[in-house]
Amino acid sequence: MVAFLDVIGKALTGKPCSERDYDLKIFSTKLREVVKEYDIKYDPENLVPSDNSLADDIFKAAFDFYCEVGTYCKDTERTIKFDESEIKDRLRNAPSKIVFGEGVDAGTMVPRKPEDRTPPWRFVGAGGVAVSSEDVFMGLVENYAKISIANSITTPTLTRVNGIRIRPYSPLEILGAIRTVALGREAIRRAGRPGLPIMNSIATADSAIALVTGLHPEYGLRPTDGYMVATLAELKTNFDLLNRACALMSLGLPTAAIFGPIFGGYCGGPEGTAVVTVAYHLMGALVYQAGWFLAFPIHIKHIASSMPELLWVASVYAQAISRNTHLLALYYDYTAAGPCTKMALYEMAAQYTAAITSGVSMETGGIAKGRREDYLTPVEPRFAAEVAYAAAGMKREDANEIVKNLVSKYVDKIADPPIGMKYQECCDIKTGKPSRKCLNIYNGVRKELKDLGLDLSRT
Amino acid sequence: MSEEELLRKLSEAVISCDRETVVKAAQQAIEKGLDPVKAIEKGLSKGAIVVGEKFDKLEIFLTDLMMAADAMKAGLDVLLPLIPKEKASRKGTVVSGTVKGDIHDIGKNILAALFSANGFDVYDLGADVVTSKFIEEAEKVGADIITLSALMSSTIGGQKDVIDYLRETGKREKFIVMVGGGPTTREWAEEIGADGYAETATEAVKTALELIEKKRS
């Protein structure tokens, strides 16, 4: 079995190469080769394909690809590579379930399969999108925790401490990390669900030092919360990220590897992006020894994941992982449109229908491309969780029709989407209650989905 | 080979990311007595414009863009030394980097490649660049533009730091400052006093050209 110290050894002694050579000569060349060898082809008519052999070929291609290219360590300028038996061994021994949360709010995350009736894990909230103040943070998190079908909470990111904008690797980041933890726990307690796990704990911590500070039990995090370590595009890491993994591992905390392969970047088109998304799961399992996995493939130009090519990627990577491993895999969405718009709800419904029927669980993610401060409400995460719940058990071919129908409602607007409204404009600031306008949009789209065959009242 | 054929060869070799052919064609152009300015403008740059358009439509992807930019640069390395400085009609000089604390570089790499492809001289400082380094480099190379990338909501403050530093050291008017990257918006650019903002690298090139023209006029 590969131990974490072996990974560090490989980072120090692996084959040296420049980052540019890794990107252009190793990564891109091998990726093109495996896509061609396994004859992987995007099909715009089948955004949620029912072809199991396609999913299995993508898995095999990703396996071969990762064996060959490994992970690039930017600090040592060497590649961390694993052989076939090391990867297979790790996949066999990776956790097949993790209990998150405490008391009555505890739940068990389990793997799923395509068309599985097992409800997906519903990881609900801001997905780390930025907010301008602690008041907005508290209002949102309290209302996320009130979403009855939420299994866990993803908090926003604080951008200021006492009005001063946080700078990375500064004391402000450490203070921001502590506040994120303490405020998140308090907001959940106020909602009456004190045991609900926070699974993007310390969203505000970019650096290992801020993460480690926020881990102190004094501030309220628990071993049953979730913890994340990011990767760098594509298939890269550095010592700071490895430090995070090391710190979390030393405390036995359930760690996720998170990754956003870029469609149009070094991954190339949809086929390459699907292969790389699967390869990232292998990287996470081995390099970070992760127990759960969060994927957010994203469009290089539109900074969203609701376009047809990316829906196909979401479906086929999910099928490849869920059919060929027992890894605990989640999908995270980016919408082009902002809160309190029909378009954002269509985009979410398309993405979660594709991903959930293909065998993974979900985290609600970057609304309005995740780029606008305070463009968050509790309505969109609730809607997304309901879609995820309702889509479980649906046949892929039925999901395909629903997804294509939804895409037709927004695809022409992706380049110039409606930005929607801020939390302060959509919701009552004191109670977090959404406005009538926002609820009317939500109810209207729920009705449209019911007519399409996705009944959210099942929840 | 006629002049027209040579220019076409230069352009097509950039489009097909064929560095070796670009270098050979550039050398042939010199041997044939072709004006190097013309070889750049009607050959290399023409190909680069096509590459930029194809990338914008995602008919090609980042790897192709980077390799085409490499091929273009190899051709420029052959041709530019033959042009007297006053005749080298480069579009402008750009110092580019991702701000302090932010280790993401793909967006910045795309930007650098597209700026190069569109006739700018680009000095790429990489990622996690300290504030003063942008200014030192810009002064050293006589830059027209400083571009500041940031990918995280926690790192965009670094863009403001560079602009504040410029202002407080009396150098703000010397450079056009453009910002971009995942969490940045037009409103943010206005708030911190940037001269330009673009959501995509293609838009950034257009904005840069407009800003330079405005400044020079």
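Residues numbered from 1 in each chain as written. Chains lettered and ligands numbered in written order. Predicted model: local features only at pLDDT ≥ 70, side-chain atom pairs only at ≥ 80, totals over all residues.

## Digging into the overall build of chain B
The condition that has to hold: The helix count covers DSSP runs of H or I at least four residues long, the strand count covers runs of E at least two residues long, and both are numbered beginning at the N terminus. Just to be clear, the radius of gyration here is over C-alpha atoms, and the globule rule we use is 2.2 Å times residues to the power 0.38. Here a residue counts as buried when 20 or more other C-beta atoms fall within 10 Å of its C-beta, as exposed when 12 or fewer do, and as partly exposed in between; the C-beta atoms come from the backbone. C-beta atoms are placed from the backbone for every residue, and two residues are taken to be in contact when these atoms lie within 7 Å.
Across its full length, chain B holds nine helices and five strands. Ordered by position from N to C terminus, the α and β elements of chain B give α-α-α-α-β-α-β-α-β-α-β-α-β-α. For chain B, whose C-alpha radius of gyration is 18 Å, the value lies close to the compact-globule estimate of 17 Å for 217 residues. Oriented by its inertia axes, the alpha-carbon framework of chain B measures out at about 55 × 35 × 25 Å. Relative to its full complement of 217 residues, chain B shows a buried share of 54%. Looking at chain B alone, contacts between residues at least 24 apart form 73% of all its contacts between residues at least 6 apart.

## Describing the sheet that holds strand 15 (residues 292-295) of chain A
Residues and elements named next belong to chain A. Heads up, the rule is: Whether two strands pair comes down to DSSP finding at least two bridges between them. Only the stretch in contact is used when a helix axis is fitted, and all axes are lines through C-alpha atoms; the angle between N-to-C directions ranges over 0 to 180 degrees.
The parallel open sheet is built from seven strands, whose spatial order is 7-5-18-17-15-13-11. In this open sheet, the two strands that pair with only one neighbour each are strand 7 (152-154) and strand 11 (227-230). Going across the sheet, the axis of each strand differs from the next one's by a mean of 25°, ignoring polarity. One ladder, built from three bridges, connects strand 5 (residues 122-125) with strand 7; its direction is parallel. Note on strand 7: the bridge partner recorded for F123 is S152. Against the sheet, helix 10 (residues 308-324) touches strand 15 and strand 17 (328-334), its axis set at about 170° to strand 17.

## A look at the domain arrangement of chain B
Residue and element names in this part refer to chain B. Threshold: The source of the domain bounds is an automatic or database domain assignment. Basically, the charged four are Asp, Glu, Lys and Arg, the nonpolar ten are Ala, Val, Leu, Ile, Met, Phe, Trp, Tyr, Cys and Pro, and anything else, Gly included, counts as polar.
Considered domain by domain, chain B is made up of domain 1 (3-87) and domain 2 (92-216). Placing a centre on the C-alpha atoms of domain 1 and another on those of domain 2 gives a separation of 26 Å. Taken together, the contact pairs 12 residues of domain 1 with nine residues of domain 2. Counting residues per element, the side of domain 1 that touches domain 2 draws most heavily on helix 4 (residues 62-79), which supplies seven residues. Of the residues in the side of domain 1 that touches domain 2, the class split is eight nonpolar, two polar and two charged.

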